[in-house]
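Topology and contacts: notes
In case you want the letters, here they are:
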Amino acid sequence: MDEGLMGAVLGLLIISGAFLAYRIEKSQIALRHEIQLGIEKLEKKAIPEFPDIDELMDEVQGIITETIGAMRVPTIADNLGAILQNWAQVKMAKEMQSMQPLNAQLPLEEELP
């Protein structure tokens, strides 16, 4: 009888171990599936669709061409305007410098003895 009882207990242990292994495997598959779904959701949200490098190069070349095409060669009026601006700036700087006394620093606090 002891051998029969031991055999039944051993059989139940083997069956319960197999059942636990099956449940662990099943939960692992479900967990992997949930992780994969989460990764797919994150990829859709976090990584935007980037245009092809050729599209980017074409767009940058278009911007450069448009900018350079809008430029023009400086004329005599542009050069005279720059000279006049420089002269006015120097004159105003000299005038501002003459308005300030050389030693205009006032003491912030009197020194107490």
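Residues numbered from 1 in each chain as written. Predicted model: local features only at pLDDT ≥ 70, side-chain atom pairs only at ≥ 80, totals over all residues. Heavy atoms only, no water.

Thoughts on the overall build of the protein chain
Of regular secondary structure, the protein chain possesses three helices and zero strands. Across the 113 residues in the protein chain, those meeting the buried criterion constitute 0%. Accessible area of the protein chain: about 11,700 Å², with a carbon and sulfur share of 66%. (Helix = DSSP H or I, 4+ residues; strand = E, 2+ residues; numbered from the N terminus. Buried < 20%, exposed > 50% of the residue type's maximum accessible area, 1.4 Å probe, protein only. Areas by Shrake-Rupley, 256 points an atom, 1.4 Å probe, with all protein chains shown as cover.)

Focus on a negative patch on the surface
On the surface, Asp52, Asp54, Glu55, Asp58 and Glu59 cluster together to form a negatively charged patch. Looking at the element boundaries, Asp52 is found in the loop between helix H1 (2–46) and helix H2 (53–70). The exposure class assigned to Asp52 is partly exposed, which follows from its relative accessible area of 42%. (Patch = residues over 30% accessible without salt bridge, like charges linked within 9 Å, V, L, I, M, F, W, Y side chains within 5 Å. Salt bridge = Lys/Arg side-chain N within 4 Å of Asp/Glu carboxyl O. Lys, Arg positive; Asp, Glu negative; His and termini not counted. Charge placed at Lys NZ, Arg CZ, Asp CG, Glu CD.)

Observations regarding the pattern of salt bridges
Tallying each qualifying case throughout the model produces one salt bridge. The shortest N-O distance in the salt bridge between Arg72 and Asp78 comes to 3.0 Å. Assessed through its relative accessible area of 58%, Arg72 is described here as exposed.

Thoughts on helix H3 (residues 76–99)
For H3, which comprises 24 residues, the first-to-last C-alpha distance of 35 Å matches the rise-based estimate of 34 Å (1.5 Å per residue) to within 8%. Counting buried residues along H3, only zero of its 24 residues qualify, which leaves the element largely exposed. (Expected span 1.5 Å × (residues − 1).)

Some details on the confidence of the model for the protein chain
The predicted model of the protein chain has a mean per-residue pLDDT of 85, with 85% of residues at 70 or higher. When the elements of the protein chain are averaged for pLDDT, H2 gives the smallest value, 88, and H3 the largest, 91. (pLDDT = per-residue confidence, 0-100.)

Re a nonpolar patch on the surface
Together, Phe19, Leu20, Tyr22 and Ile24 make up an exposed nonpolar region whose accessible area comes to about 460 Å². Relative to the assigned elements, Phe19 resides in helix H1.

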